Amino acid sequence: MPLKDSYQLPAAADMHVHLRNAPGPIAQLVTPTIRQAGVDCVFVMPNLAPRPVVSVAEALEYKRQLQLIDPDVTYLVSLYLHESITPDEIRAAKKAGIAGVKAYPRGATTNSEWGVVSFEPFHDVLAAMEEEGIVLNLHGEAPCSCADGVTVMNAEMKFLPVLKDLAQKYPTLKIVLEHCTSAEGVAAVRSLGANVVGTITAHHLALVVDDWAANVNNYCKPSAKSPEDRRALLDAVINSNGKFFLGTDSAPHDISAKKGKGNTAAGVFTQPFALGYVLTALEEALQRGDIKDEAAVTQQALSGFFSEFGRAFYGVAPATRQVLLKRGGQVIPESLKGDGAEIVPFRAGEMTWSVEWL
């Protein structure tokens, strides 16, 4: 059972993107692809290298550099939760319009070596965030540890007690469980108050763990999980009720980092075709029977997941432009090449939906 051949939707907001260091070859290559996907608002991750974004001055300079690449995108910049951040810096961040603070468990993913071991030392910072209305963005995985029985398949589940504890200690703190991948993660977000939401990526709607393990360009953190977990994510998209919205976690790496010597870099690059990937995943779910009725994929559900719910949570004005997505209007290239960078996109060589700005 196919979807419609076209959808006219409000411009999307992608509330989890990696654009890398700016200025820099990867940022120069990928930042112009944001609007290509039908997106005009992004929440940008702060885990740069060799140093993450830990001050208001650094965040504002990063935003300025991104605006030099494409000034027609709204960039919501963030800080990296780090021991150097103080309540005063949080108050300054609010005045400067910084949208959130990202918490990475130390060692859980790319550039997380400066991350959190325990949230206890950050009580005053979290209390200031709660007071100021700044969002706490959580990479929701416990670091993998054979000694503690944590693997890529249960790392999200093992983190959920931390999520629930934070929600209890800071009952009005706005919290995002980033890139949900498990049925347990979806259920946890649904069980908590309206101040706790989740983002869902395009690639986790399509992949299961076998696909994740078979192709270096599908390798990411958190990992794809079981068919049952994927089914829960798909249901969260079409039955979000404001609790889930798009956060692609598009994570570009040069081809040498994905296919060179040593461990492959974690990250799937989906930025240029983000909305099309989601529509394709929904259509494939209909064909498998994971979604029983194409009528469940409504204009309202897509508008909410792609645009309205994320903007509302972050206090961003509704979209003023529309985009038209058409089935099968574009072939995903084998790679994107720029000066000093080459990146392989998700599902390279396949057909996807075209995007036209209206």
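Everything discussed here concerns the structure shown above.
Since the model is a prediction, treat every value here as computed from it, not as a measurement. (Residues numbered from 1 in each chain as written. Predicted model: local features only at pLDDT ≥ 70, side-chain atom pairs only at ≥ 80, totals over all residues. Heavy atoms only, no water.)

Novice: Account for the pairing of strand E9 (residues 196-200), naming residues and giving values.
Specialist: Two faces, one strand: in a regular strand the side chains alternate between the faces of the sheet. In terms of burial, E9 is largely enclosed, as five of its five residues are buried. Burial along E9 is two-sided: the residues Val 196, Gly 198 and Ile 200 and Val 197 and Thr 199 are all buried. Bridging between strand E8 (residues 175-177) and E9 involves three bridges; their strand directions are parallel. Of the residues in E9, the one forming a bridge with Val 176 is Val 197. The handedness of the E8 to E9 crossover, carried by helix H7 (residues 183-191), is right-handed. (Buried < 20%, exposed > 50% of the residue type's maximum accessible area, 1.4 Å probe, protein only. Helix = DSSP H or I, 4+ residues; strand = E, 2+ residues; numbered from the N terminus. Pairing = 2+ DSSP bridges. Right-handed = clockwise from strand over helix to strand, strands pointing away.)

Novice: Which residues make up the side chain of Asp 40, and what values do they have?
Specialist: By the element assignment, Asp 40 lies in strand E3 (residues 39-44). The buried category is assigned to Asp 40, whose relative accessible area is 13%. Every residue in contact with Asp 40, bar those within four places of it in the chain, is listed here: Ala 11, Ala 12, Asp 72, Val 73, Thr 74, Arg 311 and Trp 357. (Contact = heavy atoms within 4.5 Å.)

Novice: Got a sec to walk through the environment of Thr 86? Specific residues and values, please.
Specialist: Note on placement: Thr 86 falls in the loop between strand E5 (78-80) and helix H4 (87-96). A relative accessible area of 36% places Thr 86 in the partly exposed class. In the structure, Thr 86 is positioned 36 residues away from Phe 122 in sequence and 8.7 Å away in space, judged by C-alpha atoms.

Novice: Account for the environment of Gln 287, naming residues and giving values.
Specialist: Topologically, Gln 287 is positioned in helix H11 (residues 274-288). Look at Gln 287 and you get exposed, because its relative accessible area is 58%. When the C-alpha atoms of Gln 287 and Pro 2 are compared, they prove to be 7.7 Å apart, with 285 residues separating the residues in sequence.

Novice: Quick one: what's the story with the packing of H11 against helix H12 (residues 299-314), residue by residue and with numbers?
Specialist: Here H11 crosses H12 at 145°, and the two axes come no closer than 12 Å. The two elements H11 and H12 meet at a crossing, and its hand is right-handed. On H12, the residues that touch Leu 275, Val 278, Leu 279 and Leu 282 of H11 are Leu 302, Phe 305 and Phe 306. The residue makeup of the contact of H11 with H12, split by class, is seven nonpolar, no polar and no charged. (Axes fitted to C-alpha atoms, helices over the stretch in contact; angles between N-to-C directions. Left-handed = near helix turned anticlockwise from the far one by under 90°. Nonpolar A, V, L, I, M, F, W, Y, C, P; charged D, E, K, R; others polar.)

Novice: Outline the packing of aromatic side chains, listing residues and values.
Specialist: Applying the stated criterion to the full structure yields 10 aromatic pairs. Both rings, one in Trp 212 and one in Tyr 219, keep their centres 5.2 Å apart while their planes meet at 35°; by these two values the pair is tilted. By relative accessible area, which is 10% here, Trp 212 ends up buried. A connected cluster of aromatic rings, assembled from ring pairs, spans Phe 43, Phe 245, Phe 313 and Tyr 314. The ring of Trp 357 is capped by Arg 35, whose NZ or CZ atom sits 4.3 Å from the centre of that ring. (Phe/Tyr/Trp six-rings, centres within 6.5 Å; stacked < 30°, edge-to-face > 60°. Lys NZ or Arg CZ within 6 Å of the ring centre and 35° of its normal.)

Novice: Residue-level account of the nonpolar core, with values.
Specialist: Leu 163, Leu 282 and Phe 306 are the most contacted members of the largest nonpolar core, which totals 99 residues. With nine residues, H11 is the single largest residue contributor to this core. Beyond its immediate sequence surroundings of up to four residues, Phe 306 is in contact with Leu 9, Ala 12, Ala 13, Leu 246, Leu 275, Val 278 and Leu 279. Among the nonpolar cores identified, the runner-up in size contains 16 residues, and Ala 13, Phe 43, Val 54 and Ala 99 belong to it. (Core = buried A, V, L, I, M, F, W, Y, C linked by side-chain atoms within 4.5 Å.)

Novice: Please give an account of helix H3 (residues 56-69) that cites residues and values.
Specialist: Since there are 3.6 residues in each turn of an α-helix, residues three or four apart along the chain are aligned in direction. Between its first and last C-alpha, H3 extends 20 Å over 14 residues, near the 20 Å set by a 1.5 Å rise per residue. All of the buried residues along H3 are Val 56, Ala 59, Tyr 62, Gln 65, Leu 66 and Ile 69. (Expected span 1.5 Å × (residues − 1).)

Novice: Requested: an account of the sheet that holds E3, with residues and values cited.
Specialist: With respect to topology, three strands assemble into an open sheet ordered E2-E3-E4, the strand pairing being parallel. One side of each edge strand has no neighbouring strand; the edge strands of this open sheet are strand E2 (12-17) and strand E4 (74-76). Here the strands of the sheet are splayed against their neighbours by 20° on average, with no regard to which way each runs. In terms of strand pairing, E2 meets E3 through four bridges, oriented parallel. Its bridge partner lying in E3, Ala 13 is registered against Cys 41. Sitting on the sheet, H12 touches E2, E3 and E4, and the angle it makes with E2 is about 65°.

Novice: Please give an account of empty space enclosed by the protein that cites residues and values.
Specialist: Evaluation of the coordinates by the stated rule reveals four cavities of 30 Å³ or more. In terms of residue class, the lining of the second largest cavity is built from seven nonpolar, three polar and one charged. (1 Å grid on protein atoms, 1.4 Å probe; cavity = no way out; pocket = protein on both sides within 12 Å on 5 of 7 lines; lining within 4 Å. Points joined across faces, edges and corners; volume = space filled by probe spheres on them.)

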